Amino acid sequence: MMPRACVFCGNDAVPMTKEHIFANWIAGLYGHMPTGISQIVDTNGVVRVWGTRVFQDRIGIVCENCNGGWMSQLEGRVSQILGPIIKSGWTSSLSPVSQSDIAFWAVKTAFVMDHMYREERLIPDSEYRAFYDARQPLPSHMVWIAERSNPADNLASSLKEQVLEIQVPSNNQDLAARISDDIAAGARIYRVTFSVGHLAVQVFGHTLPTTFDVTEGPGNHEFTRRIWPASSQTIIWPPPRPIEDIGGLRGLHEMFGETSLPRIPRPIQQSNRKARRAARRTSNHLDTNQ
Ligand SMILES: [Zn+2]
């Protein structure tokens, strides 16, 4: 069933249109009728193959103003730089502006993907509206890009997960207590990791009132480049090593948890068994950003 109002702008007075998960310019990289598979791993860890024709999945969640307006302009801005990265893995230098545009596209794509299986929605509706109002990733978002060296026929994959267990520096238990309270009160921490062709992306976001930063482990820079918040300098993609060296997309999804710091107790506030099952153990190492 199509929602009555646009998930981004909330408009219910103009017709809804069907939005491609991946825009036509991406399918066009692979020819008129690309062959291959695209898959999504849901919050229960179940792998589902998208549609029968790769890149042709569409969902009716956005209005024609958004689809033909800012979303179309965004796709136009990123297609020139992302095309050669996705299709051929070309080494590319990304200016701060390009980093911001790609991060904008990455968050938009993650948000649209989250509606693929609506019963397992991960990202709160309020995030869509805030993102639309800002027309850029939110200050609470963090976006990394990485390289998949050998996509073979797996042209697109996605993993999404609610983060329920995080790590904080042992000297900052006050932060731990605040985050734990926020989560118990309904705040959400989420991450979506996806790949398309040679490009792999992780979007991390949260609705916590607390500001924090995810500290990257010493080895992370081998595999990832952070593009949001954008750096002030041009960066080079790809990083030195591909995600195949850390277990592929799943490895990238889980790579920000390799510390031995004390963990915030996992909040027990899921109301049903399915949600508990869905809440996979994950961890992140957090620092205050203030
Ligand atoms: Zn709209």
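In every chain, residue numbers begin from 1 and rise along the written sequence. Since the coordinates come from a predicted model, pLDDT governs what is reported: local features require at least 70, and pairs of side-chain atoms require 80 or more to be given and counted, while whole-chain, interface and lining totals use all residues.

A.B. asks: Let's hear about the overall build of the protein chain: which residues, and what values?
C.D. replies: The way it works is that DSSP assigns letters per residue, a run of H or I at least four long becomes a helix, a run of E at least two long becomes a strand, and they are numbered from the N terminus. Counting its secondary structure elements, the protein chain contains eight helices and 13 strands. Backbone-placed C-beta atoms define the burial measure: a residue is buried with 20 or more other C-beta atoms within 10 Å of its own, exposed with 12 or fewer, and partly exposed in between. When the 290 residues of the protein chain are sorted by exposure, 38% land in the buried category. Contact between residues is assigned whenever the C-beta positions, reconstructed from backbone atoms, fall within 7 Å. Nonlocal contacts in the protein chain, meaning residues at least 24 apart in sequence, comprise 80% of its contacts between residues at least 6 apart.

A.B. asks: Tell me what's going on with unusual backbone geometry, and back it up with residues and numbers.
C.D. replies: Pro 229 follows Trp 228 through a cis peptide bond whose omega is -10°. Structurally, Pro 229 is set in the loop between strand 11 (225-228) and strand 12 (235-237). Cis geometry marks the peptide bond from Trp 237 to Pro 238, where omega comes out at 5°. Take Pro 238: it is sitting in the loop between strand 12 and helix 7 (248-253). Although it is not a glycine, Arg 135 adopts a positive phi angle of roughly 55°. Its place among the elements puts Arg 135 in the loop between helix 5 (125-134) and strand 6 (142-147).

A.B. asks: Could you give me a rundown of the environment of Gly 76, with the residues and numbers involved?
C.D. replies: As for its position among the elements, Gly 76 is in helix 3 (residues 70-88). Between the C-alpha atoms of Gly 76 and Ala 23, which are 53 residues apart in sequence, the distance is 9.9 Å.

A.B. asks: Talk me through the environment of Thr 91; I want residue IDs and the actual numbers.
C.D. replies: Inspection of the secondary structure assignment puts Thr 91 in the loop between helix 3 and strand 5 (92-94). Along the sequence, Thr 91 and Pro 239 sit 148 residues apart, while their C-alpha atoms lie 9.3 Å from each other. Setting aside chain neighbours within four positions, we find Thr 91 in contact with Ile 236 and Pro 238.

A.B. asks: Explain the environment of Asn 67 to me, and be specific about the residues and the numbers.
C.D. replies: With respect to the helices and strands, the residue Asn 67 is situated in helix 2 (residues 64-68). Spatially, the C-alpha atom of Asn 67 lies 8.4 Å from that of Lys 18, the residues being 49 residues apart in sequence. Asn 67 has contacts with Thr 17, Glu 19, Val 62 and Ser 72, leaving out every residue within four places of it along the chain.

A.B. asks: Any chance you could break down helix 3 for me, citing the residues and the numbers?
C.D. replies: Here helix 3 spans 27 Å end to end across 19 residues, near enough to the 27 Å set by a 1.5 Å rise per residue. The bend reported for a residue corresponds to the angle between axes fitted to the seven residues ending at that residue and the seven starting there. Its maximal kink placed at Ser 79, helix 3 deviates by approximately 55°. In the segment just after helix 3, Gly 89 is the residue with positive phi, at about 70°. A helix is expected to span 1.5 Å for every residue after the first.

A.B. asks: How would you summarise the pairing of strand 9 (residues 199-206) if you had to cite specific residues and measurements?
C.D. replies: The element strand 9 is extensively covered by neighbouring structure, given that eight of its eight residues are classed as buried. The alternating pattern of strand 9 places Leu 199, Val 201, Val 203 and Gly 205 and Ala 200, Gln 202, Phe 204 and His 206 on opposite faces, both of which are buried. Strands are labelled as partners when DSSP assigns at least two bridges between them. One ladder, built from six bridges, connects strand 6 with strand 9; its direction is antiparallel. Following the sheet pairing, Ala 146 is matched in strand 9 by Ala 200. Bridging between strand 8 (residues 189-196) and strand 9 involves eight bridges; their strand directions are antiparallel.

A.B. asks: Describe the confidence of the model for the protein chain, with residues and values.
C.D. replies: The predictor rates its confidence in each residue with pLDDT, a number between 0 and 100. Mean pLDDT over the protein chain works out to 81, with 79% of the residues at or above the 70 mark. Counting interchain partners and residues more than four positions distant, the pLDDT-below-50 stretch residues 257-290 has 77 contacts.

A.B. asks: So, the packing of helix 3 against helix 4 (residues 96-113): which residues are in play, and what are the values?
C.D. replies: Packing of helix 3 against helix 4 brings their axes to within 10 Å, and their N-to-C directions diverge by 120°. In this view, helix 3 runs oblique relative to helix 4, as classed from their interaxial angle. Handedness of the helix 3/helix 4 crossing: left-handed. Listed contacts from helix 4 to Met 71, Leu 74, Arg 77, Val 78, Ile 81 and Leu 82 of helix 3 are Ser 98, Asp 101, Ile 102, Phe 104, Trp 105 and Lys 108. Three residue categories are used. Nonpolar comprises Ala, Val, Leu, Ile, Met, Phe, Trp, Tyr, Cys and Pro, charged comprises Asp, Glu, Lys and Arg, and polar comprises the others, including Gly. Considering only residue class, the contact of helix 3 with helix 4 consists of eight nonpolar, one polar and three charged. Interaxial angles span 0 to 180 degrees and are taken between N-to-C directions of axes, which are lines fitted to C-alpha atoms, for helices over the stretch in contact. For classification, angles of less than 35 degrees are called roughly parallel, those exceeding 145 degrees roughly antiparallel, those between 65 and 115 degrees roughly perpendicular, and all remaining angles oblique. For a crossing to be left-handed, the near helix must be turned anticlockwise from the far one by less than a right angle; the clockwise case is right-handed.

A.B. asks: So what's going on with helix 5? Which residues, and what values?
C.D. replies: Side chains three or four residues apart in an α-helix point the same way, a direct result of the helix having 3.6 residues per turn. Turning to helix 5, its buried residues number three or more, namely Glu 127, Tyr 128 and Phe 131. Relative to the axis of helix 5, the buried residues are bounded by an arc of 100° and lie together on one face. Turned more than 90 degrees from where helix 5 packs its buried face, Asp 125, Ser 126 and Asp 133 sit exposed. On its buried face, helix 5 sits against helix 4 and strand 9. The directions considered for the arc run from the helix axis to the C-beta atoms.

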